Amino acid sequence: EMLLLRVLQVVVFVLAYTFARDLLSRSDWEEDPTDQVIFTGSCFVVLLVLASWMPSAVPRFIGVMAMPPYVDDENFRAFCDLLIQQQEERDVQVVRRLTRSQLSMFTDPTLKSDGK
């Protein structure tokens, strides 16, 4: 799985480099601005899709690769870290849904907000 992640890292780097080079290439913009708009726009869309997809897909990929028959100590630690991260994210979502009155039952009623 590390090979696949490295390949993905190289592909994203090359794509970002190509996007930046073409975006800032004055001579290409002067020669054929229509092609530059199309190419730069398509690179931007691909980078945008990758940016929205990768934060959820990469940890899931690592989690799946940590399952049998690929389990070793490193994969097992990665799988446990993924489970802990997902549980923490769920806990944060639950707390965000609670109203102030629901949260007040978890706080000490003897403490005042002004510090007295």
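Heads up: the structure comes first, above all this text.
About the criteria used
Residues numbered from 1 in each chain as written. Predicted model: local features only at pLDDT ≥ 70, side-chain atom pairs only at ≥ 80, totals over all residues. Heavy atoms only, no water. Helix = DSSP H or I, 4+ residues; strand = E, 2+ residues; numbered from the N terminus. Buried < 20%, exposed > 50% of the residue type's maximum accessible area, 1.4 Å probe, protein only. Contact = heavy atoms within 4.5 Å. Areas by Shrake-Rupley, 256 points an atom, 1.4 Å probe, with all protein chains shown as cover. Core = buried A, V, L, I, M, F, W, Y, C linked by side-chain atoms within 4.5 Å. Axes fitted to C-alpha atoms, helices over the stretch in contact; angles between N-to-C directions. Parallel < 35°, antiparallel > 145°, perpendicular 65-115°, else oblique. Left-handed = near helix turned anticlockwise from the far one by under 90°. Nonpolar A, V, L, I, M, F, W, Y, C, P; charged D, E, K, R; others polar.

Novice: Explain the overall build of the chain residue by residue, including any values.
Specialist: Counting its secondary structure elements, the chain contains five helices and zero strands. Starting at the N terminus and ending at the C terminus, the chain contains elements arranged as α-α-α-α-α. Out of the 116 residues in the chain, the part that is buried amounts to 14%. Restricting the contact set of the chain to residue pairs at least 6 apart, pairs at least 24 apart contribute 45%. Just so you have it, the chain exposes about 9600 Å², and 65% of that area is on carbon and sulfur atoms.

Novice: Could you give an account of the side chain of D22, naming the residues involved and the relevant values?
Specialist: If you trace the backbone, D22 turns up in helix α1 (residues 2-23). When residues no more than four places from it in sequence are discounted, the contact partners of D22 are D28, W29, Q36, F39 and T40.

Novice: Requested: an account of the nonpolar core, with residues and values cited.
Specialist: L15, F19, C43, L47 and L50 together form the largest nonpolar core, which totals five residues. The element contributing the most residues to this core is helix α3 (residues 33-65), with three residues. Excluding its chain neighbours within four sequence positions, the residues that come into contact with L50 are V12, L15 and P55.

Novice: Can you tell me about the packing of α1 against α3, naming the residues and giving the values?
Specialist: The packing of two helices is summarised by the inter-axis angle and the distance between the axes. Remark: α1 packs on α3, axes separated minimally by 10 Å, with the N-to-C direction vectors making an angle of 155°. As far as their axial angle goes, α3 and α1 are roughly antiparallel. Our pair here, α1 against α3, has a crossing hand that is left-handed. Here L4, L5, L8, V12, L15, A16, T18, F19, D22 and L23 of α1 come into contact with α3, specifically with Q36, F39, T40, C43, F44, V46, L47, L50, M54, V58, F61 and I62. The class makeup of the residues in the contact of α1 with α3 is 18 nonpolar, three polar and one charged.

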